[in-house]
Amino acid sequence: MKKKKTLIISVVVLVVIIFALSMNIFVMQKLIKTYTYTELEYRGYTTQDISEIKIKHSYLNRILSYNEWIISVEFKKEPGILFQFAYRDDKIIFEGVSSEPMLNKEEILDYSERFKNGTLLRK
């Protein structure tokens, strides 16, 4: 009887912890999305310029000392080109550019520089 009660309490505690962690991720994703829009607006891009923002979280990355939060931004005028950011130390940090198929080195540098100086969407 005592083992059964301990097992039930352990399961309830585990469910509560998993629920709390899930809610934390959900709330943080919303905050990070808002911070990302703010960072992009600061760099001269508007909400209408953005096609999609994807935010991924990984506890394993945190354990392995990688970026816990990875953000991908796609602009309407540059479909297929993803601008990668990380959220750490309460900041949105530009990490680089990626695409499928892979861009060459010059294209990556060109996109990165145009993004950083705010001329990406001007043509």
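Residues numbered from 1 in each chain as written. Predicted model: local features only at pLDDT ≥ 70, side-chain atom pairs only at ≥ 80, totals over all residues. Heavy atoms only, no water.

Overview of the pattern of salt bridges
Reasoning step 1: This structure, assessed with the given rule, holds 5 salt bridges.
Reasoning step 2: With a shortest N-O distance of 2.9 Å, E39 and R43 are connected by a salt bridge.
Reasoning step 3: Notably, a salt bridge pairs D110 with R114, separated by 3.0 Å at the nearest N-O pair. Taken together, the residues D110 and R114, both in helix α3 (residues 105-116) and 4 residues apart, mark about one turn of the helix.
Reasoning step 4: Among the residues examined, D110 registers a relative accessible area of 36% and is labelled partly exposed.
Reasoning step 5: Assessed through its relative accessible area of 18%, R114 is described here as buried.
Reasoning step 6: A single network of salt bridges, built from pairs that share partners, joins E78, D110 and R114. (Salt bridge = Lys/Arg side-chain N within 4 Å of Asp/Glu carboxyl O. Helix = DSSP H or I, 4+ residues; strand = E, 2+ residues; numbered from the N terminus. Buried < 20%, exposed > 50% of the residue type's maximum accessible area, 1.4 Å probe, protein only.)

Side note on the packing of aromatic side chains
Reasoning step 1: Throughout the structure, instances matching the rule amount to 10 aromatic pairs.
Reasoning step 2: Ring-pair connections join several aromatic residues into one group, and the members of that group are Y45, F75, F83, F85, F94, Y111 and F115. (Phe/Tyr/Trp six-rings, centres within 6.5 Å; stacked < 30°, edge-to-face > 60°.)

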